[in-house]
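# Overview (structure and organization)
What follows is the residue order along each chain.
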Amino acid sequence: MIQESLAGYWDPPTGNNSFDWDPDPDDLDYLPSNRRIEVVLAQILSRFTIESDAASVTVKCDGTKICTIQKPTLPTLNTQMKWLRAYADLREDRSTEILVQSEEIMSPFSSVRPFDLPKRHVTAEMLTLTQEVAILIEQQVKHLCRSPRPVEFSDRVMPMLDTPPHSTYPSGHSTESFAIASALSMLEYGETPGESLSADRPIFHLAQRIAVNRTVAGLHYPVDSAAGAALGCSVGSALAFIASGTPLRSFSFDPNANPEADFTRAALETVIKGKSSSKTPAPLGILQKRWVKARGEWLRRDGRDPDTGAGV
Amino acid sequence: MSSWNTWHDHPRMVTSPYVDWWLMQHMLGSGPQPMQMVPALARMDEFHALHDSADSLVALGSDPATFAPGTAGEWPVFPVSQSAANPDYLASLQGATGWFPDQGTYPIITKDTLVAGVIDVDIGLGHRRFRSADGSSRVLASWQQGTPWKGGPPHLPFGAQLMQNDINALLACHSSGDLTRPLDQEGFNRAAGLVDNDRPDSLRGLAGRTAHGTHVMGLVAGADPVEQASFSEKVQLLVVNLPPATAYGEGGAFLDYYLVYAMRWIVEMHARITRASGLANTPPLLMNISFGKQAGAKDERQVFVKEAQRLSEADKILGQAKFNAILPAGNDNLSRVHSRFEVQPDGGEQTLDWRVSPDDGTSNFVEIWVEKLLNPGTTSAPVQLDVVPPGATPGTFKQATSGQITELHNGLGRIYCDAVPPIDGKSVRFRYLICLAPDLFAKGGKVGAAAGKWQIRVRNADVIAHTVRASVQTDQATLPGQSNARQSYFDDNAYQMFEDTGRAADTFAYFSGADAAPDLDTGPLVQRRGTLNSYAANRFVATIGGHRQSDGRPAPYSASGVGQAVHSNGRGGPTVTFPSDDGAAHFGILSDGASDGSAVAMQGTSFSCACATRWVIENWLAGRFDPQSDSPDLCTFLKEGPLQVPRPDKWWDAPVGREKVGRGRVAWQPARPVERL
């Protein structure tokens, strides 16, 4: 009734508004955040390929190798069980943060670098996108590396949380944390993961702690975390490559090279240095616009260019 | 994993292997904070309060450059935060006739005074229960050892000193000039140096809800200044606020030196005040030291215990206040930090598993002592050691001699071998100190010592059997509030963690109607027996364990003795116990909180210890005990406590073990201003 009573007589197209309509295909501002992510996600995933053989899994971006991780052998995982025993001693100390991180891992990062503010909503969106990409790739890699969880080796692990049904290797929490840290360090500082760690950026220490907490909880071996760090750094760096053309980097990890190894700060340094690639960038337009906006949300104090990250 | 190099001589600049290790790890400038070396007061061998005690101290010097390793002998020094240290300490003592100046201004006391010395941390000096009816402080003098140096009395080696008139002036300043008006407590605490927010390594306990030392002093001497005016007037206080735990070094190694200075300061100050007051008879002095650490000789070879022995002997020589010190038994009973075993002669071996936690940002230490006293001059260790890193295969045993060390690659570990004499030098006992670097270095990507299961293998190289004790040293964080210090522990399959009911297993079960307390501490390697606080496992002090007030159950955390004195000056269990918990659902006991007027519950033998001190004071007030008397002496009188104080009807009819409760349980704690629900 309201339409009839207020609009009166209506006989379109007579009286229609006249306007220009030439939408920019790279403009996603008209969409809500979750829809933007859905649009971009499919296009981003088409840039990745995952290959596997008997001993390893390789992830490529635009046909270039960005991550190679060897599959762990059973003896390697069996040896790693000693770390499950050692880290179980930290459960009382870590229980609160472990329970929080079992639900979500974004808020720990936003407590270190505040991107949960209205003025940094594009950064938040880019990091959510990063995590989505990481999850989809990590699940593929997990499936191809399918490995038994610690509870399969011993009924004394008694994890603090339900053991997920998917493969232990590589760790999803580690992959996502390092992907987020890599993307965030690129957005704020224009740094590679190795550069950020050398600069003692706490976001990488946080990523490591989130990963180690899964060992404390009884769900992962240290080699899961190390492989996740390699995969996560490759995803975060590849996303920056796709969005803004920063150089691709490749990462690798072999769990069987040192089955005794823990995932310590020193071990992390080796994993996340990576190697640069000369792959010619082909930025994805719809992502590039949002990425540039996100970079602009961080106030530069070090003279770097907010668009390119280049030093001045 | 790297292995240990061969035992080799290691001339040390410093006496303590802990300090030597600390210097290797941090040096003076690169640790958590800049440090300055301060002479350890224990070197003042000829102790004479009021006399020429400074000479030997001055002779030591303080310049590390003058102490080249191996040339000038050992250097009895320890590192103190540079911000707190008096840069001219030694120079100020040149020509002095004693540690304290003769011409100082000291408060006056009457002949009817008892002086309670309280050595603790975070003691709130402004609380009304520590003041008299007119609002003036009952604290005769206080020494804040961790407060930044601001040009205090030149004889003070570090920190700041407040005499009674200084405290009253500060109280007045923060009470609108009138001592009976409400106190701006936060302003007072900051002005008095009790709370310091300017430095990351400073004390801030009094800015929180609970404060250990305030709770302790509330139990020892807290009193309503009006309703308990007589108590307030007669019981005066000497207070030492220790620095934050971060100043003690990662294994608490420097705590000994701070405590020695604190005890000396109280004794000296008490003597000066007595003389300034013109008293013919020395008023009694009781010291409450609710502190401790786990590993040590547990006899007079330890720095703290050596000083307690000196002080307990000096009172007889000099006719000054008798040395009456009351300490807690400790709370490590269930921490799996103690092992005692025998190794058979001619190659008998024993292996002890030692768990080092990951994410540990501090060094870990284990002390291994051979119990047998050997002749002075013995240099060859009677037992040999092989410490196996996680995942490594056992090495070979090699003979060590006193003064030698063996090291892990890259400075990640070191074992010191020492033949340690007591004061009289009539014997030596062998000690191995195993030091491991942190497994986590926060910066620089440095690889730490591996976490996981280490194995300590002990082999008897002698022709007689030897009893060996191993203790994990108490672990300390490097900054207040940090959780980067993780206590390592011994692991043994035969150690019973829980009773069948699921209750954490104590040394003994507590069963009504049992003939004797059922022994649950039967593991061959890792035992609760022997976990007594290493400062309190000697006969020079009274040692107080804890029990639960509601049913008399010994507190499971309250440390146990080994049952008999291993050496002539040792002890086999606590003297007695006092309450450390009110009930099964009421953990801890009530006393003063950090804020004036608040009451909080805190749990542990620190507080049962404070109850014991208060009980002795109340008995002195009632004329039933004189702390200056030798008959009975303090320990003897405390042992009468279980007979003097009626056993509550509601207690279980369950036997208790002497290793846990000594001569028994004293069902007494100070009257409190509020009750628990």
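As a reminder, the structure under discussion sits directly above these lines.
This write-up is about the structure you can find in this document. The structure displayed is predicted, hence computed values, not measured ones.

Scoring rules and cut-offs
- Residues numbered from 1 in each chain as written.
- Chains lettered and ligands numbered in written order.
- Predicted model: local features only at pLDDT ≥ 70, side-chain atom pairs only at ≥ 80, totals over all residues.
- Heavy atoms only, no water.
- Helix = DSSP H or I, 4+ residues; strand = E, 2+ residues; numbered from the N terminus.
- Buried < 20%, exposed > 50% of the residue type's maximum accessible area, 1.4 Å probe, protein only.
- Contact = heavy atoms within 4.5 Å.
- Areas by Shrake-Rupley, 256 points an atom, 1.4 Å probe, with all protein chains shown as cover.
- 1 Å grid on protein atoms, 1.4 Å probe; cavity = no way out; pocket = protein on both sides within 12 Å on 5 of 7 lines; lining within 4 Å.
- Points joined across faces, edges and corners; volume = space filled by probe spheres on them.
- Nonpolar A, V, L, I, M, F, W, Y, C, P; charged D, E, K, R; others polar.
- Domains from an automatic or database assignment.
- Pairing = 2+ DSSP bridges.
- Axes fitted to C-alpha atoms, helices over the stretch in contact; angles between N-to-C directions.
- Phe/Tyr/Trp six-rings, centres within 6.5 Å; stacked < 30°, edge-to-face > 60°.
- Lys NZ or Arg CZ within 6 Å of the ring centre and 35° of its normal.
- Salt bridge = Lys/Arg side-chain N within 4 Å of Asp/Glu carboxyl O.
- Buried area = accessible area lost by both parts, 1.4 Å probe.
- Polar contact = N/O pair within 3.5 Å; in protein donor to acceptor, adjacent residues only side chain to side chain.

Turning our attention to the overall build of chain B. When helices and strands are tallied, chain B shows 13 helices and 23 strands. Here chain B holds 677 residues, and 63% of them are scored as buried. Sequence-distant contacts, at least 24 apart, represent 78% of the contacts inside chain B between residues at least 6 apart. As presented, chain B carries roughly 24,200 Å² of accessible surface, and 50% of it is formed by carbon and sulfur atoms.

The next subject is empty space enclosed by the protein. Residue and element names in this part refer to chain B. All chains considered together, the criterion is met by 10 cavities of 30 Å³ or more. Of the pockets and cavities examined, the largest cavity occupies roughly 130 Å³. The wall of the largest cavity is formed by 17 residues, among which Lys-298, Arg-469, Ala-537, Val-566 and Arg-571 lie closest to the centre. Of the residues belonging to the lining of the largest cavity, the class tally is 6 nonpolar, 5 polar and 6 charged. For the lining of the largest cavity, the two domains that each supply at least three residues are domain 1 (8-29 + 337-491) and domain 2 (114-328).

So, on to the sheet that holds strand β5 (residues 139-144) of chain B. All names here are of chain B. Judged by pairing direction, the sheet is mixed, and its 8 strands sit side by side in the order β6-β5-β7-β4-β8-β9-β20-β21 without closing on themselves. Two strands lie at the open edges of the sheet, namely β6 (160-163) and β21 (576-581), each paired on one side alone. Taken pair by pair, the neighbouring strands of this sheet meet at an average axis angle of 20°, ignoring direction. In this sheet, strand β7 (residues 235-241) lies alongside strand β4 (residues 114-120) in parallel orientation, the contact comprising 7 bridges. Looking at β7, one finds that Asp-120 is bridged to Asn-241.

Using the criterion set out here, one finds 20 aromatic pairs over all chains in the structure. For the ring pair Phe178(A) and Phe204(A), a centre distance of 6.2 Å and an interplane angle of 45° mean the geometry is tilted. Within this pair, whereas Phe178(A) is found in helix α8 (residues 172-189), its partner Phe204(A) is found in helix α10 (residues 202-216), the two being separated by 26 residues in sequence. The same class applies to Phe178(A) and to Phe204(A), which are both buried. In textbook terms, an aromatic cluster arises when at least three aromatic residues are bridged by ring pairs, as seen for Trp143(B), Phe158(B), Tyr248(B), Tyr258(B), Tyr261(B), Trp265(B) and Phe291(B). Above the ring of Trp652(B), the side-chain terminus of Arg553(B) is found at 5.4 Å from the ring centroid.

On to the pattern of salt bridges, then. Taken as a whole and judged by the stated rule, the model has 45 salt bridges over all chains. Among the ionic pairs, Arg529(B) bridges to Asp519(B), the shortest N-O distance being 3.1 Å. Of the two residues, Arg529(B) is situated in the loop between β19 (489-491) and β20 (542-548) and Asp519(B) in the loop between β19 and β20; the sequence distance between them amounts to 10 residues. Overall, Asp519(B) belongs to the partly exposed group, its relative accessible area being 36%. With its nearest N and O atoms 3.4 Å apart, the salt bridge here joins Arg529(B) to Asp521(B). With respect to burial, Arg529(B) and Asp521(B) carry one shared label: buried. Members of the salt-bridge network, linked through shared partners, are Asp29(A), Arg36(A), Glu125(A), Arg290(A) and Lys293(A).

For the rest of this paragraph, the subject is the interface of chain A and chain B. Between chain A and chain B, the residue contacts involve 15 residues of the former and 18 residues of the latter. On the chain A side of the interface with chain B, the three residues burying the most area are Arg85(A), Leu90(A) and Arg265(A), jointly 33% of the side's total. Among the salt bridges present, the one from Arg94(A) reaches Asp359(B), with a minimum N-O distance of 2.4 Å. Counting every contact that joins chain A to chain B gives 5 residue pairs in polar contact (both at pLDDT 80 or more). For the side of chain A that touches chain B, the elements supplying multiple residues, two or more each, are α3 (74-87), α4 (91-103) and α12 (265-272) of chain A. Residue contributions to the side of chain A that touches chain B peak at 5 residues, all from α3(A).

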